[in-house]
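# Chain and residue survey
Here's the letter readout for the chains.
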Amino acid sequence: MVPASPNTPIGFVSVIFVAVCIHQLVSFPHGRPVDLAPSNRHSGAPIDSSNVSLRLSNGKLTKIYERLEEEGSPRLLVGPETIIFDDSGTMYTLTEQSKLVSITDIQQKSEDDASIKTAKVTLVADLGIGRPLGGKFDSNNCLYFADVLKGLCRICLDRKPKPVVELVASRFQLQDGSWSDITYADDVDIGPRTGHVYFSDATDIKMDRDLQTGKWDIMYPSKLEGIRGLKSGKLLRYKPETGEVDLIASGAALFANGVAVDANESFVVFTSTFEGKVMKYHLTGEQEGQLETILTDFPGFLDGIDCSFHSSLCFVAMPAPFTPNLKALFNIRPPALSRFVRSILMLLPRGLTPDAKPYGGVAIVHRGDELSQPTVKQIYQDPTGVDVSTITGVTEGHDGKVYLGSLHNDFIGVLDYQ
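Residues numbered from 1 in each chain as written. Predicted model: local features only at pLDDT ≥ 70, side-chain atom pairs only at ≥ 80, totals over all residues. Heavy atoms only, no water.

What the chain contains, in helices and strands, is 4 helices and 28 strands. Across the 418 residues in the chain, those meeting the buried criterion constitute 53%. For the chain, the proportion of contacts with a sequence separation of at least 24, taken over those separated by at least 6, is 55%. In the structure as shown, the chain presents an accessible area of about 19,400 Å², 53% of it carried by carbon and sulfur atoms. Computed over 40 positive and 51 negative side-chain charges, the separation of the two mean positions in the chain equals 5 Å. (Helix = DSSP H or I, 4+ residues; strand = E, 2+ residues; numbered from the N terminus. Buried < 20%, exposed > 50% of the residue type's maximum accessible area, 1.4 Å probe, protein only. Contact = heavy atoms within 4.5 Å. Areas by Shrake-Rupley, 256 points an atom, 1.4 Å probe, with all protein chains shown as cover. Lys, Arg positive; Asp, Glu negative; His and termini not counted. Charge placed at Lys NZ, Arg CZ, Asp CG, Glu CD.)

In structure tokens, the structure reads:
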């Protein structure tokens, strides 16, 4: 008997039948893909490739590199995900090597190029095993930071004889009394009025190590979340006065990412990476307790966010361009076929999962008020990542400039948008 060829109708049906059987038998450690409503999909405008406003040649971008005191010394400024300032204006960042470092003594590298600067980078503390991302100082010079592996952590720099890392929260209690783990702590902001710490738990998919590189694979859970389509992101709040963590918003984002509070602590905004949305949760006023989408018109996926205390502006990081292929995956009909295709993609070895194209973007947005609606005012971008790419953190400095962090870069970007 001649075996059925995949090119014949019987062969094609056989291949589909075998694939479906395998699909039903295979265990999915991160859950099966789900349908995603059109309203929850990225809907921003495509990238304008002629917009190169974040290139060095346009004069808006400056890059700060580490200045090594001794040639051959190991570099500390590796993967500065988010830039952090204390009350005195001293600059810090959290690195890929799980170090807290300070950045001081910034100098222009050469007289004929003002766009490249160097700085002294000093080790402040080793934060232990993990991967710290976003962080903010409170009024007591204690740094609260999100560590993907550990949860919400704190280190008080004035503590004697030396600063010690404290695990503040690795889980939180639900209304029914059960406990839920903080799986992927991502970003942090602190309310100026109450001192409450607002932070995101991006996904229920845990980070693990890439066995080939030995590094924590921080990107793989986000890729799985984007393909799966399950909105598992959460917004949480830690109250230092009671030590309690409460759940503010659940199932609110397709990878809950950046977090920012306004100057009056009347609301907290956060980003939904794969939906390309900025969400707003009202903390006070007539809409207290309500969650709404305020912005969607972005050409890329979203990451960190920071809101100015001196204006109505917020700044949003865009680490990668929107991928039409991802949109196509959710548009496959019937929906069952879309789920099937995406489930196969989730089972691929991590080395075969697609990487983001080189791109760096920052959106300047008006967050809205009583007189005007939220709007995207300006997009600064390097559409092919020539000078800056994979921007994950945006922080307004004391000088009014926006400082750009990245998971992978060995420098800090500075955007002078004014």
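And the narrative resumes.
On to the sheet that holds strand S16 (residues 256-261), then. With antiparallel pairing, the 4 strands of this open sheet are ordered in space as S16-S17-S18-S19. Bordering the open sheet on either side are S16 and strand S19 (291-295), each of which pairs with just one other strand. Taking each pair of neighbouring strands and ignoring which way they run, the sheet shows an average axis angle of 30°. Pairing geometry for strand S17 (residues 267-272) and strand S18 (residues 277-282), over 6 bridges, is antiparallel. Within S18, the position partnered with Phe 270 by the bridge is Met 279. (Pairing = 2+ DSSP bridges. Axes fitted to C-alpha atoms, helices over the stretch in contact; angles between N-to-C directions.)

Any segment with low pLDDT has predicted coordinates that should not be analysed in fine detail. Per-residue confidence for the chain averages 92 on the pLDDT scale, and 94% of its residues sit at or above 70. This stretch, residues 1-7, has a pLDDT under 50; its non-local contacts, to residues over four places away or in other chains, come to 7 contacts. Across residues 12-19 the pLDDT falls below 50, and counting only partners more than four positions away or on other chains, this stretch makes 4 contacts in the model. (pLDDT = per-residue confidence, 0-100.)

One open sheet holds the 4 strands; their spatial order is S6-S7-S8-S9, and the pairing between them is antiparallel. For this open sheet the edge positions go to strand S6 (132-137) and strand S9 (165-169), each flanked by a neighbour on one side alone. Strand-to-strand, the axes of this sheet are offset by a mean angle of 30°, without reference to chain direction. Note that S6 and strand S7 (residues 142-147) share 4 bridges and pair antiparallel. Note on S7: the bridge partner recorded for Phe 137 is Leu 143.

A few words now on the environment of Ala 249. Tracing the backbone shows Ala 249 in strand S15 (residues 244-253). Measuring from C-alpha to C-alpha, the distance between Ala 249 and Tyr 281 comes to 8.2 Å, with 32 residues separating the pair along the chain. Apart from the residues lying within four places of it in its own chain, the contact partners of Ala 249 are Gly 233, Lys 234, Leu 235 and Leu 291.

Under the criterion given, the structure shown has 2 disulfides. The disulfide bridge from Cys 307 ends at Cys 314, spanning 2.1 Å between sulfur atoms. Handedness of the Cys 307-Cys 314 disulfide follows from its S-S torsion of about 95°: it is right-handed. Residue Cys 314 is classed as buried on the basis of its relative accessible area of 2%. There is no disulfide at Cys 153, and the cysteine sulfur nearest it, in Cys 156, is 12 Å away. (Disulfide = S-S within 2.5 Å.)

It is worth spelling out the packing of helix H2 (residues 220-228) against helix H4 (residues 335-347) at this point. Contact geometry for H2 and H4: axes closest at 9 Å, N-to-C directions at 170°. Judged by the inter-axis angle, H2 sits roughly antiparallel to H4. Where H2 crosses over H4, the two elements pack in a sense that is left-handed. Counting all contacts with H2, which are made through Tyr 220, Leu 224, Ile 227 and Arg 228, the residues of H4 involved are Arg 342, Leu 345 and Met 346. (Parallel < 35°, antiparallel > 145°, perpendicular 65-115°, else oblique. Left-handed = near helix turned anticlockwise from the far one by under 90°.)

Another aspect to go through is the pairing of strand S5 (residues 113-126). The side chains of a regular strand alternate between both faces of the sheet. Across 4 bridges, the pairing between strand S1 (residues 61-66) and S5 is parallel. What sits directly across from Lys 63, in S5, is Ile 116. Strand direction decides the pairing type here: strand S4 (residues 99-110) and S5, joined by 9 bridges, are antiparallel. By the bridge assignment for S5, Val 101 is matched with Leu 123.

Let us look at the pattern of salt bridges. Summed over all chains, the structure comprises 18 salt bridges. In this structure, Asp 208 and Arg 350 form a salt bridge, with 2.9 Å as the shortest nitrogen-oxygen distance. Residue Asp 208 is located in the loop between strand S13 (197-201) and H2, and its partner Arg 350 is located in the loop between H4 and strand S24 (360-366); the two are separated by 142 residues in the primary sequence. Here Asp 208 falls in the partly exposed class, since its relative accessible area comes to 31%. Across the pair Glu 275 and Lys 231 runs a salt bridge, and its minimum N-O distance is 3.3 Å. One end of the pair, Glu 275, is in the loop between S17 and S18; the other, Lys 231, is in the loop between H2 and strand S14 (233-239), with 44 residues separating them in the sequence. Judged by relative accessible area, Lys 231 falls into the partly exposed class, the value being 21%. Connected via shared salt-bridge partners are Lys 136, Asp 189 and Asp 306. (Salt bridge = Lys/Arg side-chain N within 4 Å of Asp/Glu carboxyl O.)

Within this structure, the stated rule accounts for 9 aromatic pairs. Taking 5.4 Å as the distance between ring centres and 45° as the angle between the ring planes, the aromatic pair formed by Tyr 65 and Phe 411 counts as tilted. Taken together, the residues Tyr 65 in strand S1 and Phe 411 in strand S28 (residues 411-415) connect sequence positions 346 residues apart. Here Tyr 65 falls in the partly exposed class, since its relative accessible area comes to 25%. (Phe/Tyr/Trp six-rings, centres within 6.5 Å; stacked < 30°, edge-to-face > 60°.)

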